Amino acid sequence: RNGDFAEAAEGRPAGWAYWQDEKQPTGIFSHDAALGAARITHAANGSFSQSFKVHLGERYAVCAKARQSGNGVVALRIGWKGSDGKCTRGDSSSRLTLVDAQPGQWKELVGATQVPEGVAELGISLFATGQTQESDAAWFDDVRVVRFDR
C-alpha cells in the first residue's frame, strides 16, 4: 500500500505509520515529493511502518530501495504481530541493513520470510538510527511485499 510513496497526507507518506524513541524525539518524518520517497531526517531511532494480514506457513519476498546521506544506520526490518496487534516472535524477525552507502545512490534491500506459528500480521519497518546531525537523512522507495509459493 503506497510502497512507491506516490501519495502523501499531511506531509508524510500516506498509509504509513511513523514512530520514534520518545526519549530522543529529534527525528523528522516526511514525504520527499521531489523523489517520491519516504524520508527520515535527524532521527536517533525511528521508523515508518505498515502491517499485512498473513497466515501460518505463507512465504513472502520483501524488498525496498534505500539511500542515505550523512551518519546513521538504515535498515528494513521484517517482523511479526500477534492477533492482539502487539509485536511478537522477535526470534523470527529479520533486519536488512544498508551497507556501503554512497550519497545519492539507491541500493535494494531484499529478504524472504515464512510466517511462523502464533502470528497474524507481517510488519515492515523502514528504520533509521544514529542520525546525529540535522543533515543526516535516509530515504526509502519502491517497497514491495510479494507472496510466493515454493
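Here, the structure is the one placed above.
This is a predicted model, so every value here is computed, not measured.

Colleague: For the pattern of salt bridges, give the residues involved together with the corresponding values.
Modeller: Evaluation of the coordinates by the stated rule reveals five salt bridges. Residue Glu121 is joined to Lys53 by a salt bridge in which the shortest nitrogen-to-oxygen separation is 3.3 Å. Here Lys53 lies in strand S6 (residues 45-53) and Glu121 lies in strand S12 (residues 121-129), a separation of 68 residues in the sequence. On the basis of relative accessible area, Glu121 is assigned to the buried category, the value being 14%. With its nearest N and O atoms 3.3 Å apart, the salt bridge here joins Asp142 to Lys65. You can see Asp142 sitting in strand S13 (residues 137-148) and its partner Lys65 sitting in strand S7 (residues 59-69), a full 77 residues away along the chain.

Colleague: How would you explain the side chain of Gln131 if you had to name every residue and give the values?
Modeller: Along the polypeptide, Gln131 turns up in the loop between S12 and S13. Discounting chain neighbours no more than four positions away, the residues touching Gln131 are Ile40, Thr41, His42, Ala43, Ala44, Asn71, Gly72, Asp136, Ala137 and Ala138.

Colleague: Outline the pairing of strand S8 (residues 73-81), listing residues and values.
Modeller: Of the pairings in the sheet, the one linking S8 to S12 comprises nine bridges and is antiparallel in character. For Val73, the partnering residue across the bridge sits in S12 and is Thr129. Alignment of S8 against strand S10 (residues 94-97), held across four bridges, turns out to be antiparallel. Opposite Leu76, over in S10, you have Leu96 as the bridge partner. As paired elements, S8 and strand S9 (residues 87-88) share two bridges and run antiparallel to each other. Across the sheet, the residue bridging to Trp80 is Thr88, located in S9. Between S8 and S9, which pair antiparallel in sequence order, lie five residues; one of them, Gly85, sits at a positive phi of approximately 85°.

Colleague: Tell me about the sheet that holds strand S11 (residues 107-114), residues and numbers included.
Modeller: Within a sheet, neighbouring strands are paired by backbone hydrogen bonds and run either parallel or antiparallel to one another. Strand order in the open sheet formed by five strands is S4-S5-S13-S7-S11, with antiparallel pairing between adjacent strands. With partners counted over all chains shown, the strands left at the sheet margins are strand S4 (28-32) and S11, one partner each. For this sheet the average axis-to-axis angle between neighbouring strands, irrespective of direction, equals 30°. Pairing analysis gives ten bridges linking S7 to S13, with the strands arranged antiparallel. Opposite Ala61, over in S13, you have Val146 as the bridge partner.

Colleague: Describe in detail the packing of aromatic side chains, supporting the description with residues and values.
Modeller: As enumerated under the stated definition, the model contains three aromatic pairs in all. Here the aromatic rings of Phe5 and Trp16 are separated by 5.2 Å at their centres, their planes lie at 35°, and the arrangement is tilted. One end of the pair, Phe5, is in the segment before strand S1 (8-9); the other, Trp16, is in the loop between strand S2 (12-13) and strand S3 (17-20), and eleven residues separate them in sequence. The burial state of Phe5 is the same as that of Trp16; both residues are buried. Chaining the aromatic ring pairs together yields one cluster made of Tyr18, Phe29 and Phe48. Its guanidinium or amino end placed over the ring of Trp139, Arg67 lies 4.8 Å from that ring's centre, counting from NZ or CZ. When the ring centre of Phe127 is taken as reference, the NZ or CZ atom of Arg95 above it lies at 5.8 Å.

Parameters at a glance
- Numbering of residues starts from 1 in each chain and follows the order in which that chain's sequence is written.
- Predicted model: local features are reported for residues with pLDDT of at least 70 only, side-chain atom pairs are reported and counted for 80 or more only, and whole-chain, interface and lining totals are derived from all residues.
- In computing side-chain values, all of the structure's heavy atoms are included and hydrogens and water are not.
- Think of a salt bridge as a Lys or Arg side-chain nitrogen and an Asp or Glu carboxyl oxygen that are within 4 Å of each other.
- Counting from the N terminus, the helices are DSSP H or I runs at least four residues long and the strands are E runs at least two residues long.
- For every residue, the accessible area (1.4 Å probe, protein chains only) is compared with the maximum for its type, and the residue is labelled buried under 20%, exposed over 50%, or partly exposed between those bounds.
- Here a residue-residue contact requires only that any non-hydrogen atoms of the pair lie within 4.5 Å.
- In this scheme, strands are said to pair when DSSP sees at least two bridges between them.
- Angles shown run from 0 to 180 degrees and are taken between the N-to-C directions of axes, each axis being a line fitted to C-alpha atoms and, for helices, limited to the stretch in contact.
- Note on ring pairs: Phe, Tyr and Trp rings are taken, using the six-membered ring of Trp, and paired if centres are within 6.5 Å. Classes follow the plane angle, with under 30 degrees stacked, over 60 edge-to-face and the rest tilted.
- By the criterion adopted, a ring carries a charge over it if an Arg CZ or a Lys NZ lies within 6 Å of its centre and within 35 degrees of its normal.

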